[in-house]
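Spelled out from the first residue to the last, the chains are:
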Amino acid sequence: MQPPGGDQESPPLDDVQARVGKRLDDVAKILAGALVTVAGVMTALGLTSDVVFVALNNESWPIYVAALSAIVAIVCSIVALLIHPTRRGNIWETVVLGLGVIFYMVALSVAVVGAAQAAGGSGRPTLTDVRLEGRGSEQKLSFGVHADGVDRWASVDVYVTAVDADENDLPETNDLYSVSLRPDDKGEIDHQMSLPLKAPRNAWGLQIIASNAEGNDKCEGRSTHGPSCAVLQLS
């Protein structure tokens, strides 16, 4: 007498390996979209195309690492799909897919870091719409200061000084104007200024310097946190 279910034959080994191989192939197909997924994560976090170009120009390493890891994950998925679903083949496919999953998770994790770093900006201020209008004692200076990614505890300091023909500060003269700007809740500064100026008689021009808390006020210095400067010749 046969036990219950004894009349059912176990599936051939080749069929079992084929089913396992099919499931592994499904994982490989998911990894094949790694680059699209990483790009979607970056876009969702505010990393638009124009910000990508700025980030690459500033050598933002997380974007490179995320892209490279996603490409490796895709390569692993392609290799896994090409492996024949035998017992040994499924073992190799599992190993390859394991590596692919690791690179896939690395790509997603680094993408979040890269998007936050690039889309948030470096806090470096920018001078916009700089204008010097009028003549003599009726001159009026107008300009804007913009910055994003500024830490909430930080500030951007703005100075207006009188300079000689070599763009050096005039000796024994004070700043013609100075102000310290704090960011809003989003870490952004967008401030417009318009002020009358009475420059010293021996002044050749005016220099505007906008510097963040982590930078310095040296316009010639090479630094990602360096100041923004503008020089205008007096009429």
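All figures in this text were calculated on a predicted structure; none of them were measured in a lab.

What counts, and at which threshold
Residues numbered from 1 in each chain as written. Predicted model: local features only at pLDDT ≥ 70, side-chain atom pairs only at ≥ 80, totals over all residues. Heavy atoms only, no water. Core = buried A, V, L, I, M, F, W, Y, C linked by side-chain atoms within 4.5 Å. Buried < 20%, exposed > 50% of the residue type's maximum accessible area, 1.4 Å probe, protein only. Contact = heavy atoms within 4.5 Å. Patch = residues over 30% accessible without salt bridge, like charges linked within 9 Å, V, L, I, M, F, W, Y side chains within 5 Å. Areas by Shrake-Rupley, 256 points an atom, 1.4 Å probe, with all protein chains shown as cover. Salt bridge = Lys/Arg side-chain N within 4 Å of Asp/Glu carboxyl O. Lys, Arg positive; Asp, Glu negative; His and termini not counted. Charge placed at Lys NZ, Arg CZ, Asp CG, Glu CD. Helix = DSSP H or I, 4+ residues; strand = E, 2+ residues; numbered from the N terminus. Pairing = 2+ DSSP bridges. Axes fitted to C-alpha atoms, helices over the stretch in contact; angles between N-to-C directions. pLDDT = per-residue confidence, 0-100.

Engineer: Before we go on, may I ask you to explain the nonpolar core in this structure?
Structural biologist: Most often, soluble globular proteins keep nonpolar side chains buried together rather than apart. Core analysis: the biggest nonpolar cluster contains 24 residues, and L127, L141, F143, V145, V158, M193 and I208 have the highest contact counts within it. Beyond its immediate stretch of four places on either side in the chain, V145 contacts P125, T126, L127, T128, V156, V158, L181, I189, D190, H191 and M193. Grouped together as the second largest cluster of nonpolar side chains are 9 residues, V38, Y104, V110 and A111 included.

Engineer: Looking at this structure, how should I read a negative patch on the surface?
Structural biologist: Together, D184, D185, E188 and D190 make up a negatively charged patch on the protein surface. Position of D185 among the secondary structure elements: in the loop between strand 4 (177–181) and strand 5 (189–196). Since its relative accessible area comes to 64%, D185 is described here as exposed.

Engineer: Sorry if this is basic, but what is going on with the sheet that holds strand 4 here?
Structural biologist: Two modes of strand pairing occur in sheets, parallel and antiparallel, and in both the strands are linked by backbone hydrogen bonds. One open sheet holds the 4 strands; their spatial order is 4-3-6-7, and the pairing between them is antiparallel. Looking at the sheet topology across the chains shown, the edges are occupied by strand 4 and strand 7 (228–233). Between one strand axis and the next, the sheet turns through 15° on average, direction left out of account. Across 5 bridges, strand 3 (residues 156–163) lies against strand 4 in antiparallel orientation. The partner of V160 across the bridge, within strand 4, is Y177.

Engineer: Hey, could you run me through the confidence of the model for the protein in this one?
Structural biologist: Averaged over all residues, the pLDDT of the protein equals 75, while 66% of them reach at least 70. The element-level mean pLDDT for the protein is lowest in helix 3 (residues 49–57), coming to 53, with strand 2 (residues 140–147) highest at 90.

Engineer: In this structure, what is going on with the sheet that holds strand 1 (residues 126–133)? I would like to understand it.
Structural biologist: Pairing within the open sheet is antiparallel, and its 3 strands lie in the order 1-2-5. Of all strands in the sheet, those with a lone pairing partner are strand 1 and strand 5, marking the two edges. The sheet shows a mean angle of 10° between the axes of neighbouring strands, direction not considered. Here 6 bridges tie strand 1 to strand 2, and the two strands are oriented antiparallel to one another. Looking at strand 2, one finds that R131 is bridged to S142.

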